[in-house]
Amino acid sequence: MMTEKPQAIRYGQGDSTLQAVGGTKGLHKLVEDFYLTMSTNNDFKKLKDMHPSDLRLSIDKLFCFLSGWMGGERLYSQKYGSISIPQAHSHIDVGYEDKQMWLDCMEIALDMQGYPDELKSYLLIQLEVPAERIRQVSASRQSMQKG
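Cut-offs applied
Residue indices begin from 1 for each chain and proceed along its sequence in written order. The model is predicted, so local features are restricted to residues of pLDDT at least 70 and side-chain atom pairs to those at 80 or more, both for listing and for counting; the totals for chains, interfaces and linings are taken over all residues. The side-chain numbers reported here are obtained from all heavy atoms of the structure, hydrogens and water having been left aside. On a range of 0 to 100, pLDDT expresses the predictor's confidence in each residue. Every helix listed is a DSSP run of H or I at least four residues long, and every strand listed is a run of E at least two residues long, numbered separately from the N terminus. It only takes one pair of heavy atoms within 4.5 Å for two residues to be counted as in contact. Counting rule for disulfides: a pair of cysteine sulfur atoms within 2.5 Å. Between buried and exposed lies partly exposed: a residue is buried under 20% and exposed over 50% of the maximum accessible area for its type, with that area taken using a 1.4 Å probe on protein chains only. When a carboxyl oxygen of Asp or Glu lies within 4 Å of a side-chain nitrogen of Lys or Arg, that pair is called a salt bridge. Computed over the protein atoms alone on a 1 Å grid, cavities are sets of points where a 1.4 Å probe fits but cannot get out and pockets are open sets with protein on both sides within 12 Å along at least five of seven lines; a residue lines them when it has an atom within 4 Å of a point. Grid points are joined across faces, edges and corners, and a volume is the space filled by probe spheres set on the points. Three categories are distinguished: nonpolar for Ala, Val, Leu, Ile, Met, Phe, Trp, Tyr, Cys and Pro, charged for Asp, Glu, Lys and Arg, and polar for the others, with Gly belonging to the last. Where helices are involved, their axes are fitted lines through C-alpha atoms of the stretch in contact, as for all axes, and angles between N-to-C directions lie from 0 to 180°. Any angle that is under 35 degrees is reported as roughly parallel, and any over 145 degrees as roughly antiparallel; angles of 65 to 115 degrees are reported as roughly perpendicular and all others as oblique. Less than a right angle of anticlockwise turn of the near helix away from the far helix marks a crossing as left-handed, whereas a clockwise turn marks it as right-handed.

## What to know about the confidence of the model for the chain
Interpreting fine coordinate detail is not advised for predicted regions of low pLDDT.
Here is step 1: Looking at the chain, pLDDT values average 90 and 94% of them are 70 or higher.
Here is step 2: Ranking the elements of the chain by mean pLDDT puts helix α6 (residues 85-88) last with 75 and helix α2 (residues 23-40) first with 98.
Here is step 3: Contacts of residues 2-6 to residues separated by more than four positions or lying in other chains number zero contacts, the stretch itself having pLDDT below 50.

## Thoughts on the state of the cysteines
Here is step 1: This model, assessed by the stated rule, comprises zero disulfides.
Here is step 2: With no disulfide of its own, Cys64 lies closest to Cys105 among cysteine sulfurs, the gap being 19 Å.
Here is step 3: When its relative accessible area of 4% is taken as the criterion, Cys64 is described as buried.
Here is step 4: We classify Cys105 as buried; its relative accessible area is 0%.

## Here we look at the pattern of salt bridges
Here is step 1: Under the criterion given, the structure shown has 11 salt bridges.
Here is step 2: The salt bridge involving Lys99 is made with Glu132; its shortest N-O contact spans 2.9 Å. You can see Lys99 sitting in helix α7 (residues 96-113) and its partner Glu132 sitting in helix α8 (residues 117-146), a full 33 residues away along the chain. When sorted by exposure, Lys99 lands in the same class as Glu132, which is buried.

## Re the layout of surface pockets
Here is step 1: Estimated volume of the largest pocket: approximately 690 Å³.
Here is step 2: Lining the largest pocket are 25 residues, with Tyr35, His51, His89, Trp102 and Ile134 sitting closest to its centre.
Here is step 3: Those elements that provide at least two residues to the lining of the largest pocket are α4 (56-69), α6, α7 and α8.
Here is step 4: Looking at the lining of the largest pocket, the element that brings in the most residues is α4, giving five residues.
Here is step 5: Its residues assigned to classes, the lining of the largest pocket shows 18 nonpolar, four polar and three charged.

## Quick word on the packing of α2 against α7
Here is step 1: Where α2 contacts α7, the two axes come as close as 8 Å, and the packing angle between them is 125 degrees. When the axes of α2 and α7 are compared, the pair comes out oblique. Every pair of crossing elements has a handedness; the one defined by α2 and α7 is right-handed. Together, Lys29, Leu30, Asp33, Phe34, Thr37 and Met38 of α2 and Trp102, Cys105, Met106, Ile108, Ala109, Leu110, Met112 and Gln113 of α7 make up the contact between the two elements.
Here is step 2: When grouped by side-chain class, the residues that make up the contact of α2 with α7 number 10 nonpolar, two polar and two charged.

## Comments concerning the side chain of Asp33
Here is step 1: Tracing the chain through its elements places Asp33 in helix α2.
Here is step 2: Among residues more than four places away in sequence, those in contact with Asp33 are Ala109, Met112 and Gln113.

Below, the structure written as structure tokens:
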């Protein structure tokens, strides 16, 4: 009699990523720890200074965005309307260092959750994509302003 091996979790399919981070409760904890890290670690002061002093709206928007991004309910569009992540950040000057700072801050927050390494790696690789698009849109805007 053959026993079936448990199938590896495939992140990015359905809501598997959201479930892997602990559902909406786990996602909210991740987002809160992300902003806590940004607010309390001097290495991220420049990143923190790009945000309003009251982070409640930023926390909610990131939580809502990531919920849909991870395959869960599309809370952002329900609450705030449609979104283009790069355009939503186009008013901010974002360079390579800023992008990496955001990813480093997220990596620390991910580490705080005790997630498996493969989940953390998957999320950081996937989050690099919108982070790079934000940087590109910012660079394009800055180039047009100079030209």
